[in-house]
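Structural overview
Chain by chain, the residues run as shown.
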Number of protein chains: 2
Amino acid sequence: MPTFTPPVRDTLFVIEEILRLQDYAALPGFENVSPDIVRTIVEEAGKFTAEVLFPLNQSGDRQGCTRHEDGSVTTPEGFGEAYRAFCEAGWDSIAHPEEFGGQGMPQVLGFTVKEYVTIANQAFGMYPGLTGGAVAAILASGSDEQKATYLPRMISGEWSGTMNLTEPHCGTDLGLLRTKAEPQADGSYSVTGTKIFISAGEHDLTSNIIHLVLARIPGAPEGSKGISLFIVPKFVVNADGSLGARNGVSCGSIEEKMGIHANATCVMNYDGAKGWLIGEENRGLAAMFVMMNAARLGVGLQGLAQAEISYQNAVQYAQDRRQGRALSGPAEPQQSADPIFVHSDVRRMLMDAKAFTEGMRALILFGALQVDLARKAGSEAERQAADDLIGLLTPVIKGYGTDKGYDIATNMQQVYGGHGYIREWGMEQYVRDARIAMIYEGTNGVQAMDLAGRKLAANGGRAVRAFFKLVDDECAGVGESSPYADLAQRLAKANGELKAATMWFMGNAMTNRDNLGAGAHHYMHIAGLVALGLMWLRMARAAQAKLAAGDGDKALLEAKLVTARYYGERYLPDAGALRRKIEAGAASMIELPVEAFAR
Amino acid sequence: MPTFTPPVRDTLFVIEEILRLQDYAALPGFENVSPDIVRTIVEEAGKFTAEVLFPLNQSGDRQGCTRHEDGSVTTPEGFGEAYRAFCEAGWDSIAHPEEFGGQGMPQVLGFTVKEYVTIANQAFGMYPGLTGGAVAAILASGSDEQKATYLPRMISGEWSGTMNLTEPHCGTDLGLLRTKAEPQADGSYSVTGTKIFISAGEHDLTSNIIHLVLARIPGAPEGSKGISLFIVPKFVVNADGSLGARNGVSCGSIEEKMGIHANATCVMNYDGAKGWLIGEENRGLAAMFVMMNAARLGVGLQGLAQAEISYQNAVQYAQDRRQGRALSGPAEPQQSADPIFVHSDVRRMLMDAKAFTEGMRALILFGALQVDLARKAGSEAERQAADDLIGLLTPVIKGYGTDKGYDIATNMQQVYGGHGYIREWGMEQYVRDARIAMIYEGTNGVQAMDLAGRKLAANGGRAVRAFFKLVDDECAGVGESSPYADLAQRLAKANGELKAATMWFMGNAMTNRDNLGAGAHHYMHIAGLVALGLMWLRMARAAQAKLAAGDGDKALLEAKLVTARYYGERYLPDAGALRRKIEAGAASMIELPVEAFAR
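Residues numbered from 1 in each chain as written. Chains lettered and ligands numbered in written order. Predicted model: local features only at pLDDT ≥ 70, side-chain atom pairs only at ≥ 80, totals over all residues. Heavy atoms only, no water.

A tally of regular secondary structure across chain A gives 18 helices and 11 strands. Each principal axis of the C-alpha distribution contributes one length, and for chain A these read about 80 × 65 × 60 Å. For chain A, the residues scored as buried account for 65% of the 599 residues in total. Excluding contacts between residues fewer than 6 apart, the proportion of contacts in chain A whose partners are at least 24 apart in sequence is 73%. When the accessible surface of chain A is totalled, it reaches about 20100 Å², and 50% of it is carbon and sulfur. Here chain A contributes 56 positively and 69 negatively charged side chains, and the mean placements of these two sets differ by 5 Å. (Helix = DSSP H or I, 4+ residues; strand = E, 2+ residues; numbered from the N terminus. Buried < 20%, exposed > 50% of the residue type's maximum accessible area, 1.4 Å probe, protein only. Contact = heavy atoms within 4.5 Å. Areas by Shrake-Rupley, 256 points an atom, 1.4 Å probe, with all protein chains shown as cover. Lys, Arg positive; Asp, Glu negative; His and termini not counted. Charge placed at Lys NZ, Arg CZ, Asp CG, Glu CD.)

Structure below.
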């Protein structure tokens, strides 16, 4: 019953007018990406995801994955065929290196495709998504032989990948992990242990599954400094590249979950499985973090995606459903009632969603551009600036993006009234699917601490100072008569709240670290508000410039200006309240003993 | 796996120290309710709900209700037995009139029992909850004969009741309803039509189900002025009280929903069913609103209940689960990791939940006292003041209480990390169950308009002015050295924001009604913040007085003071941001045409 229209016009507006991808043609990988090619890719990605993946979203949720007695897992009907079509069309290899069979295009396009895939079918998107994370880790830390053995067939989609971090007693705190890897005479390791919550751990989409597994080598230091990363393929790969023996790894069970039913969340049992070290001994966490950072941006996309798909359907429902009359008088007096679109509270929720989805899309693609620039920009200074920025924005995109994406999906369900609670309408699935994104790849509390505790202080605060300046520069010189003057003022004020909160941490969190922890969540939310505000100001500026030039899609550009104003009026005021919460400090939050929480 | 500890100490603190029920002994129904009796009732209600109802919550969710081919519906295993025990113990008849077999006790106790039932098992609680609503409507509008025929067996629980409002094309806008009721020669009506989303519409708990049905009599005025209310029993009741013929009403299907699986949400088909008019022709909406108002407070309780049960379990999990170290250094160095309770972000979520649940419990019981006083207070002025207050607070309790209850349940699920997403841990059910409360009995958008559009203006703003004064009086005279001085200041400020928002509506919404609609949601949230703030100030004051007197449970009283401070610091700052959003007005919210929302 739900429908999906790929947000092609909006994506192209961001790529062409905000990122101005065409200006980077001198960089490697960008040279062949003409505006025409970008347009074709975006349109075709939209077509594929809407026609092939979206129709499987609701049925996939209902059917879920099935684990059989022999430990094999089947995905829902249609997933196998869709996956083959997906790989054949090359959708997942767009931004992977040409050296290993990828198409070597900018991450901006890679993320665009990922966004569409995730909007259409989040559970499906996780299969290639996890593979992409494993590819990133092997690219960064694997040996040449490992790269040659695994990457081409992972990038083609013939094999998939997973991330094996969590164990029953250890999630966030990986230092506690117990899975062990014993060196063997042939240079391999024998891996034994139990991993849980392994997304795409076992399934029927690919002929091999390449597990990336964190484990301890006997004698390694305790805690997080004694963890190494291993490649453990489901089927051992022979020297000639053919599949060899079934390895000692199996799926012990799959979880019954709130959502993402079509992705198998597995308990993986490693029982003397053959594994190969990636990178250096005891440097596994660092290698894994390459994967995590890519994955976190992908999870941020999930927040956007569930907000987008639920928004699109709520917009349609608000036009179809008739109840009551507009407050200002009947909008369609010839009908027995007005469409609920006329009701201001419905409009509030739709505008909130519009402002979030368009702002977040811009922010994520802006982030993707930084990933590109961090690798490919011409100067070391540019590369460092981009790396700083994406490092700072990653926890914001993941944490703020998924907190808010869930809120929006919940509100879009609300537009449906009682029908939103009924399965067949599809809206409740979006909420259930959106919920996981706040939890995995580091809970949003972990993201907040990554931002406030690590990213803020790194290199003497270089990244955050550059971000402040970016925002201030964007606000500066906006004339009072500009149609986005109000937004610029409000954004400068919100940026001021972010600076004040940063200063407050500097003054109060050095001596009392709890003051940092107590404010980190709120800080991440101010940062999210400001980052989206920056995007909205850029969008307003670009829209106004094009309108003044009489160029482009007038309706879309005018809508950008109104939505930018709305964003300033209805989102940015929260920054001040959040700052005041931070400045309250930790005292009343941590004062009570555990007994005081009992009933 | 989840557990439930009835919050007896907290309930008694509210009843004894905040409401001071003992001071009302002169009122009818209150005379026999000594502190000892209150204590016994609260403790026994806790025991019953924890031992009998709570163990069926998770299994009920898994199993759900089943509709059979003959249209009959069976509830999950154990529900029948639990329901009989519930009725035998008299739990549902506590606050019903003695004249019809009830126990005639204050609503404060009735709501306490309802809260515990709902915490233990929301889906179960809806069966007697709906009966209670139907009883309220018959009490208010039924004839003496109708009361005598139906009430005793509904109050005993032998029969249950339902509310039949919604039709496929009409939810909020009841003026559109089409079910018709044709007068018959014998004085009854023949009712024909389809009703949807009928909670507890068909089940196996009772021998008869008394449907209250809104329908149109031929020739009635169009719209909401032509709606009448009818009693349509599943089995017609003979003159001697025995059950007669099966009536022409049947359950056509039950909905697959996001949650509350153990409550049957039915499509009810009326096919020439025999019905009897309640109250006057064409005055059905007014009669139904009696039921709705009672039901809205009950739904507000659901927001509290899901927050409470998820809070209790998250507190326990935060002690059991060990990950990482406290920011201020290891709390339990002898262990391999600290309990996650030490992490400030976990503590933030737990404190948010503690502040909300305790504040909301106080507010709902305070509301229940107003229901009592509106009927039973000694003077007309007191009765009117109480009626004004509960009229004003009902949409706040329903709307703010369920918005926030859902947020809290979501946060408590977050405390569990990945385990929160897995069904067996039980936390995701609380989120799914909490979600419906924002939708039914009038969506929270409808509540916001009820508050800002109706309750505010009624009687020249008498109710809201009285509320402002109540808050100001509570804040006035709090000395600067008082341990709750900061809260009092912040509350006075938040009350100021509420007044300013009210003034803004007066100045800007008369000529442009959209300005009201655009701000109503935010207004409801400021009102919720201030109302809970009032409760927290009263709790802080009472706690401090008892501490000063060296009286009572010291740990509980000290925790009240800290939590009150936390509430002031971490909740009340939002009031200012919300006011600024209101003052932005409707323009940017409603300016865009529907086409601008398309992708």
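More follows now that the structure is in view.
Residues and elements named next belong to chain B. Where strand β8 (residues 235–237) and strand β9 (residues 243–246) come together, 2 bridges link them in antiparallel fashion. Residue pairing across strands places Val-237 opposite Leu-243, the latter belonging to β9. Linking β8 to β9, which pair antiparallel, is a turn of 5 residues; within it Gly-241 sits at a positive phi near 90°. (Pairing = 2+ DSSP bridges.)

A separate point is helix α1 (residues 8–18) of chain B. Residue and element names in this part refer to chain B. In terms of burial, α1 is a largely internal element, 10 of the 11 residues being buried. If you check which residues of α1 are buried, you get Val-8, Asp-10, Thr-11, Leu-12, Phe-13, Val-14, Ile-15, Glu-16, Glu-17 and Ile-18. Arg-20, located one to two residues past α1, shows a positive phi value of around 50°.

Once that is clear, we can look at the confidence of the model for chain A. For residues with low pLDDT, the predicted coordinates do not support detailed interpretation. Within chain A, residue pLDDT values average 96, and 100% of them lie at 70 or more. Reported confidences for the modelled complex are a pTM of 0.98 and an ipTM of 0.97. (pLDDT = per-residue confidence, 0-100.)

We now examine helix α13 (residues 462–475) of chain B. Residues and elements named next belong to chain B. A rise of 1.5 Å per residue sets the reference length of α13, with its 14 residues, at 20 Å; its end C-alpha atoms lie 20 Å apart and thus fit the reference within 8%. Residues of α13 that are buried: Ala-463, Val-464, Phe-467, Phe-468, Val-471, Glu-474 and Cys-475. Buried residues of α13, seen end-on, are gathered within an arc of 140° and therefore sit on one face of the element. The inward-facing, buried residues of α13 abut α10 (380–415), α14 (485–508) and α15 (513–548). Backbone geometry just after α13 places Gly-477 at a positive phi near 75°. (Expected span 1.5 Å × (residues − 1). Arc of directions from axis to C-beta.)

Bringing the side chain of Arg-570 of chain A into the picture now. Inspection of the secondary structure puts Arg-570 of chain A in helix α16 (residues 554–570). Buried within the structure, Arg-570 of chain A lacks any salt-bridge partner; its nearest side chain of opposite charge belongs to Glu-569 of chain A, at an N-O separation of 5.1 Å. Among the polar contacts listed, one links the side chain of Arg-570 of chain A to the backbone oxygen of Ala-518 of chain B, at a separation of 3.1 Å. The contact partners of Arg-570 of chain A, leaving out residues within four places of it in the chain, are Ala-518, His-522, Lys-581, Ala-584, Gly-585 and Met-589 of chain B. (Salt bridge = Lys/Arg side-chain N within 4 Å of Asp/Glu carboxyl O. Polar contact = N/O pair within 3.5 Å; in protein donor to acceptor, adjacent residues only side chain to side chain.)

Looking now at the packing of α14 of chain B against α15 of chain B. All names here are of chain B. Packing of α14 against α15 brings their axes to within 10 Å, and their N-to-C directions diverge by 155°. In terms of their interaxial angle, α14 and α15 are classed as roughly antiparallel. α14 and α15 meet at a crossing whose hand is left-handed. Contacts between α14 and α15 involve Leu-487, Ala-488, Leu-491, Ala-494, Asn-495, Leu-498, Ala-501, Thr-502, Trp-504, Phe-505 and Asn-508 on the former and, on the latter, Asn-515, Leu-516, Gly-519, Ala-520, Tyr-523, Ile-526, Ala-527, Val-530, Gly-533, Leu-534, Trp-536 and Leu-537. Split into classes, the residues belonging to the contact of α14 with α15 amount to 17 nonpolar, 6 polar and no charged. (Axes fitted to C-alpha atoms, helices over the stretch in contact; angles between N-to-C directions. Parallel < 35°, antiparallel > 145°, perpendicular 65-115°, else oblique. Left-handed = near helix turned anticlockwise from the far one by under 90°. Nonpolar A, V, L, I, M, F, W, Y, C, P; charged D, E, K, R; others polar.)

With 100 residues of chain A at the interface, the matching set in chain B holds 100 residues. Contact with chain B buries surface across chain A, with Tyr-421, Arg-570 and Arg-599 of chain A losing the most and accounting together for 12% of the total. Here chain A is connected to chain B by 10 salt bridges. The interface formed by chain A and chain B contains 65 residue pairs in polar contact (both at pLDDT 80 or more). When its residues are assigned to classes, the side of chain A that touches chain B shows 40 nonpolar, 28 polar and 32 charged. (Buried area = accessible area lost by both parts, 1.4 Å probe.)

Looking now at the pattern of salt bridges. Residue and element names in this part refer to chain A. This structure, assessed with the given rule, holds 78 salt bridges over all chains. Notably, a salt bridge pairs Lys-234 with Glu-202, separated by 2.6 Å at the nearest N-O pair. In this pair, Lys-234 is assigned in the loop between β7 (228–233) and β8 (235–237) and Glu-202 in the loop between β5 (189–199) and β6 (208–215), connecting sequence segments 32 residues apart. Each member of the pair, Lys-234 together with Glu-202, is buried. With its nearest N and O atoms 2.8 Å apart, the salt bridge here joins Lys-354 to Glu-358. Remark: Glu-358 and Lys-354 occur in helix α9 (residues 344–376); sequence separation between them is 4 residues, near one turn of the helix. Each member of the pair, Lys-354 as well as Glu-358, carries the same accessibility label: buried.

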